[in-house]
Amino acid sequence: MTMNASAQSLVALITGANLRFVIPVYQRPYSWDEEQCLQLWDDVRSVGENKEDRHFTGSVVWVQDGVMDASGITPLLLIDGQQRMTTLALMIAALADYSRSHPGRQLTFSHREITSRGYLIDEFRTGESRYKLTLSQGDRETLASLLENLIDQDAKIVKSSPRIIDNYNLFRRKIEAMENPSVIWDGIQRLDVV
C-alpha cells in the first residue's frame, strides 16, 4: 500500500466527481461538542475575513474501499478527519438552509449551488451513493435526513443523533446572527487539508 500526502483545497476534495467518503463502522460516532465546533467556526470566520489567507485545517486520511461501485462512485473509507469533515458538512448544510430561507439576500453562495454542486449530495444518485459523506452507526440516518430536508423541506429530520442536530442548530444560529454570512462560505473555500 502506498501513501500519498499532498496539500489540497478541502472543497476540491469533497466536491470531487465520483468520490464519496464513508465512515467505517469501527470508527467512533460523531462526538464534537460546542467548544470544538466553535473553534472550527472561528478558524473559518477568520480566514473568510482575510481574503489573502488560506487555513490548514489538518490531515484527512482515507483508504479506497475496493473499486468503483455499480453507480460509478469510488467509496473512500475515512480513517482520520471524520469529526472535521462531519462538522464542515453541518456548517455547509446550515449555510444552504440560510440561503433558502433568505432568498433576497446578496450572498456569495446559494442553496442551489450547495445542493447541486456536490458539496453534500449528488442530486442525480440514489441510496448511499447520493451522499458525499456517509456516517456510521446512529449518525448516518440523522445526517442523511438533514440533507434530504435541504432538498425537500417536507422531508422529516430524524433526531436519533443529538450531536448532529445540536451542532447543525448551533451553526444555523451563528449564521443567522451574522451581518454577512458570506464570510463563512468564503472561509470554507480557503480551507486546505493534507
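Residues numbered from 1 in each chain as written. Predicted model: local features only at pLDDT ≥ 70, side-chain atom pairs only at ≥ 80, totals over all residues. Heavy atoms only, no water.

Caption draft 1: Representation of the nonpolar core within the structure. Within the largest apolar cluster, 54 residues are counted, with the highest numbers of intra-cluster contacts made by Met 91, Ile 114, Leu 120 and Ile 188. Listed by contribution, the elements that provide at least two residues to this core are helix 1 (10-14), helix 2 (34-49), strand 5 (74-80), helix 3 (82-101), helix 5 (139-151), helix 6 (162-176), helix 7 (182-189) and strand 7 (191-193). When residues of this core are assigned to their parent elements, the largest contribution, 11 residues, is made by helix 3. If we skip the residues at most four places from it in the chain, Ile 114 touches Ile 92, Leu 95, Ala 96, Phe 109, Tyr 119, Leu 120 and Trp 185. (Core = buried A, V, L, I, M, F, W, Y, C linked by side-chain atoms within 4.5 Å. Buried < 20%, exposed > 50% of the residue type's maximum accessible area, 1.4 Å probe, protein only. Helix = DSSP H or I, 4+ residues; strand = E, 2+ residues; numbered from the N terminus. Contact = heavy atoms within 4.5 Å.)

Caption draft 2: Main features of the sheet that holds strand 6 (residues 133-134). Ordered by their spatial adjacency, 4 strands build an open sheet running 4-5-2-6, and the pairing between neighbours is mixed. Two strands in the sheet have a free side with no partner beyond their single neighbour: strand 4 (61-64) and strand 6. The pairing of strand 2 (residues 19-22) with strand 6 spans 2 bridges and is parallel. Bridge assignment links Phe 21 to a residue of strand 6, and that residue is Leu 133. (Pairing = 2+ DSSP bridges.)

Caption draft 3: Spatial organisation of the packing of aromatic side chains. Counted under the stated rule, the structure contains 3 aromatic pairs. Ring centres of Trp 41 and Phe 171 lie 6.0 Å apart, and the angle between their planes is 20 degrees; this geometry places the pair in the stacked category. In this pair, Trp 41 sits in helix 2 while Phe 171 sits in helix 6, placing the two residues 130 residues apart along the sequence. Of the two residues, Trp 41 and Phe 171, neither departs from the other in class, the shared state being buried. The structure contains a cluster of three or more aromatic residues connected by ring pairs, namely Phe 109, Tyr 119 and Trp 185. (Phe/Tyr/Trp six-rings, centres within 6.5 Å; stacked < 30°, edge-to-face > 60°.)

Caption draft 4: Fine view of the sheet that holds strand 7. One open sheet accounts for 3 strands, arranged 1-7-3; its pairing is mixed. Here the strands that pair on one side only, and so sit at the sheet edges, are strand 1 (8-9) and strand 3 (55-56). In this sheet, strand 7 lies alongside strand 3 in parallel orientation, the contact comprising 2 bridges. Bridge pairing links His 55 to Leu 191 in strand 7.

Caption draft 5: Structural context of the packing of helix 5 against helix 6. Following both chains from N to C, one finds helix 5 and helix 6 inclined at 35 degrees, their axes separated by 8 Å at the closest point. Residue-level inspection shows Asp 139, Thr 142, Leu 143, Leu 146 and Leu 150 of helix 5 in contact with helix 6, the latter providing Ile 164, Ile 165 and Tyr 168. Of the residues contributing to the contact of helix 5 with helix 6, the split by class is 6 nonpolar, 1 polar and 1 charged. (Axes fitted to C-alpha atoms, helices over the stretch in contact; angles between N-to-C directions. Nonpolar A, V, L, I, M, F, W, Y, C, P; charged D, E, K, R; others polar.)

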